[in-house]
Amino acid sequence: MIDPILAIETSCDETAAAVVQGRRILSSVVASQAELHAPYGGVVPEVAARHHLGTVNAVVDEALAAAGMRLADVGSVAVTQRPGLIGALLIGVATAKAIAYAARKPLVMVDHLHGHIAACWLEPVCLDPPYVSLVASGGHTRLDLVTDLREPRTLGQTIDDAAGEAIDKGARLLGLGYPGGPALERLAATGSRTAHEFPVGLRGAGTRDFSYAGVKTALLYAVRERPAPPDERERADLAASYQEAVLRPLADRLVAAAVDEGVPAVALGGGVAANGRLRELVGEGADRHGLRLAVPDRSLCTDNAAMIGAAAQFTEAVPWPRYLGLDAVATAPPGGIAA
Ligand code: KG4
Ligand code: ZN
């Protein structure tokens, strides 16, 4: 019998807790702060941290109750240690340490990206390695080769903005609210993807990295240099062409990496994975090369604690009470998750 894990995630603007047992999610609670940050057009780190502090205990209690458990019933506690907003991470790590210490449980310090990569291992998708994973969110854009879930290997990543960040900034330039992904997708659906030719960052054979600074600036000029503000039709064309320039390299490089590495599957994760056009592009590429495409439910693509509980099962637990000296870390380890 596998012990259930209580997992906690507070790296950005979602306060989340979950109880996971093996591949099964017994409960997953996510309290989003998106509305709180919307007036600022982005996440305000200090506001996020303070809000986590006020919410985290209630979210943990709710996750345990929804799983029909008490703290004594779980085998260990897991928490996102890195990377993320340091103040936000600290709330989760301090909470998890306190809970684990009081209950005399081991603690598992989890890498947030490792969580996104492991999300599709959970039911009902149940993807097993080997596969290539694309995580595209507001903070990250990364390709990882997963031959062993204990040590995914980073193949490429963005050298400047994350894909979700480029999408949010583009949406803002087109007068859409924050977060911009869903609104940009809706507007893009009514426009032409070929009306404008936006530059694709790091175009060239074989690259596995991404760059979004150029396309973002190109949209800024395209909007600014018009004699009059774009009408509805023009905004839709700009949205569709821009979205295509952001998404196409994600799909192309994910599929190319899987083919080059000789793995039979690709996986999507992160908030941008909710985008229908991205799924379509990756789906077409995967079909062409006979690859399985694994996409977890939207609630497992955006930030959540169930994925942290999944990754925890591939991360060494720190025994009670040795973890009391460990801390949150804002950055990703330079050499990848297992480094
Ligand atoms: O994973 P996530 O919820 O939070 C982190 O950033 O970690 O990802 C949020 C990002 C935002 O940039 C948001 O605009 C984007 O995911 N997003 C989308 C869509 N839904 C959310 N991007 C494109 N199309 C969508 N439908
Ligand atoms: Zn994330």
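From a predicted model like this one, the values you see are computed outputs, not experimental measurements.

A short note on the layout of surface pockets
Reasoning step 1: Taken as a whole, the largest pocket holds about 1200 Å³ of empty space.
Reasoning step 2: Surrounding the largest pocket, 44 residues form its lining, Ser137, Gly138, Asp168, Tyr178 and Pro179 being those nearest its centre.
Reasoning step 3: For the lining of the largest pocket, the secondary structure elements donating two or more residues are β3 (24-32), α4 (112-118), α5 (163-173), α6 (181-188) and α10 (298-301).
Reasoning step 4: If you tally residues by element for the lining of the largest pocket, the top one is α5, at 6 residues.
Reasoning step 5: The class makeup of the residues in the lining of the largest pocket is 15 nonpolar, 20 polar and 9 charged.
Reasoning step 6: Counted as a void, the second largest pocket has a volume near 400 Å³.
Reasoning step 7: If you go around the second largest pocket, you meet 20 residues; those closest to its centre are Val200, Arg203, Arg248, Pro249 and Asp252.
Reasoning step 8: For the lining of the second largest pocket, the residue count by class is 7 nonpolar, 6 polar and 7 charged.

Some remarks on the packing of α5 against helix α7 (residues 213-224)
Reasoning step 1: Packing of α5 against α7 brings their axes to within 10 Å, and their N-to-C directions diverge by 5 degrees. The angle between the axes of α5 and α7 places the two elements in the roughly parallel class. Judged by residue contacts, Lys169, Gly170 and Leu173 of α5 engage Lys216, Leu219, Leu220 and Val223 from α7.
Reasoning step 2: Counted by class, the contact of α5 with α7 contains 4 nonpolar, 1 polar and 2 charged residues.

Quick word on the coordination of the zinc ion (ligand 2)
Six octahedral donors around a metal ideally subtend angles of 90 or 180 degrees, whereas four tetrahedral donors ideally subtend 109.5 degrees.
Reasoning step 1: Distances from the zinc ion (ligand 2) to its protein donors, His112 (NE2), His116 (NE2) and Asp303 (OD), fall within 2.1 to 2.2 Å.
Reasoning step 2: All donors of the zinc ion (ligand 2) belong to a single chain; written as a sequence motif, their spacing is H-x3-H-x186-D. You can see histidine 116 sitting in helix α4 and its partner aspartate 303 sitting in the loop between α10 and α11 (306-312), a full 187 residues away along the chain. Considered together, histidine 116 and aspartate 303 belong to a single accessibility category, that of buried residues.

With respect to the pairing of strand β4 (residues 76-82)
Reasoning step 1: Burial analysis of β4 places 7 of its 7 residues in the buried class, the great majority of the element.
Reasoning step 2: As defined by bridge partners, strand β1 (residues 5-9) adjoins β4 across 4 bridges and the pair is classed as parallel. Counterpart to alanine 7 in the pairing with β4 is alanine 78.
Reasoning step 3: Sheet analysis places β4 next to strand β5 (residues 107-111), joined by 5 bridges and oriented parallel. Across the sheet, the residue bridging to threonine 80 is valine 110, located in β5.
Reasoning step 4: Read as a crossover between parallel neighbours, the route from β4 over helix α3 (residues 86-102) to β5 is right-handed.

Here we look at unusual backbone geometry
Reasoning step 1: Backbone torsion omega between proline 129 and proline 130 reads 5 degrees, so that peptide bond is classified as cis.
Reasoning step 2: Residue proline 321 follows tryptophan 320 across a cis peptide bond; omega there is -10 degrees.
Reasoning step 3: Position of proline 321 among the secondary structure elements: in the segment after α11.
Reasoning step 4: Although it is not a glycine, arginine 104 adopts a positive phi angle of roughly 55 degrees.
Reasoning step 5: By secondary structure assignment, the location of arginine 104 is in the loop between α3 and β5.
Reasoning step 6: The exposure class assigned to arginine 104 is exposed, which follows from its relative accessible area of 59%.
Reasoning step 7: In this structure, cysteine 126 is a non-glycine residue whose phi angle is positive, near 55 degrees.
Reasoning step 8: Along the chain, cysteine 126 falls in the loop between α4 and β6 (131-136).

Some thoughts on the packing of helix α8 (residues 232-261) against helix α9 (residues 276-288)
Reasoning step 1: Running from N to C, α8 and α9 cross one another at 35 degrees; their axes reach a closest spacing of 9 Å. In this structure, α8 crosses over α9, and the sense of that crossing is right-handed. Residue-level contacts link Gln243, Glu244, Leu247, Arg248, Leu250, Ala251, Leu254 and Val255 of α8 to Arg277, Leu278, Leu281, Val282, Gly285 and Ala286 of α9.
Reasoning step 2: For the contact of α8 with α9, a count of residues per class yields 9 nonpolar, 2 polar and 3 charged.

Considerations on the side chain of arginine 277
Reasoning step 1: Mapping arginine 277 onto the fold places it in helix α9.
Reasoning step 2: Relative accessible area serves as the criterion here: at 10%, arginine 277 is assigned to the buried category.
Reasoning step 3: A polar contact of 2.3 Å, which involves the side chain of arginine 277, links it to the side chain of glutamate 280.
Reasoning step 4: In this structure arginine 277 touches Glu185, Arg193, Gln243, Glu244, Leu247, Arg248 and Glu284, once residues within four positions along its chain are discounted.

Comments concerning helix α2 (residues 45-66)
Side chains of residues three or four places apart in an α-helix project in the same direction, reflecting 3.6 residues per turn.
Reasoning step 1: With 22 residues, α2 extends 29 Å between its outermost C-alpha atoms, agreeing within 8% with the 32 Å of an ideal straight helix rising 1.5 Å per residue.
Reasoning step 2: Approximately 45 degrees is the largest bend angle found in α2, and it occurs at threonine 55.
Reasoning step 3: Structurally, α2 contributes buried residues whose contacts are with β1, β2 (14-21), β3, α1 (34-37) and α3.
Reasoning step 4: Downstream of α2 by one or two residues, glycine 68 has phi in the positive range, about 70 degrees.

Basis of the calculations
Residues numbered from 1 in each chain as written. Chains lettered and ligands numbered in written order. Predicted model: local features only at pLDDT ≥ 70, side-chain atom pairs only at ≥ 80, totals over all residues. Heavy atoms only, no water. 1 Å grid on protein atoms, 1.4 Å probe; cavity = no way out; pocket = protein on both sides within 12 Å on 5 of 7 lines; lining within 4 Å. Points joined across faces, edges and corners; volume = space filled by probe spheres on them. Helix = DSSP H or I, 4+ residues; strand = E, 2+ residues; numbered from the N terminus. Nonpolar A, V, L, I, M, F, W, Y, C, P; charged D, E, K, R; others polar. Axes fitted to C-alpha atoms, helices over the stretch in contact; angles between N-to-C directions. Parallel < 35°, antiparallel > 145°, perpendicular 65-115°, else oblique. Contact = heavy atoms within 4.5 Å. Donors = N, O, S within 2.8 Å, 3.2 Å for Na, K, Ca; no water. Buried < 20%, exposed > 50% of the residue type's maximum accessible area, 1.4 Å probe, protein only. Pairing = 2+ DSSP bridges. Right-handed = clockwise from strand over helix to strand, strands pointing away. Left-handed = near helix turned anticlockwise from the far one by under 90°. Polar contact = N/O pair within 3.5 Å; in protein donor to acceptor, adjacent residues only side chain to side chain. Expected span 1.5 Å × (residues − 1). Bend = angle between axes of the 7 residues up to and from the residue.

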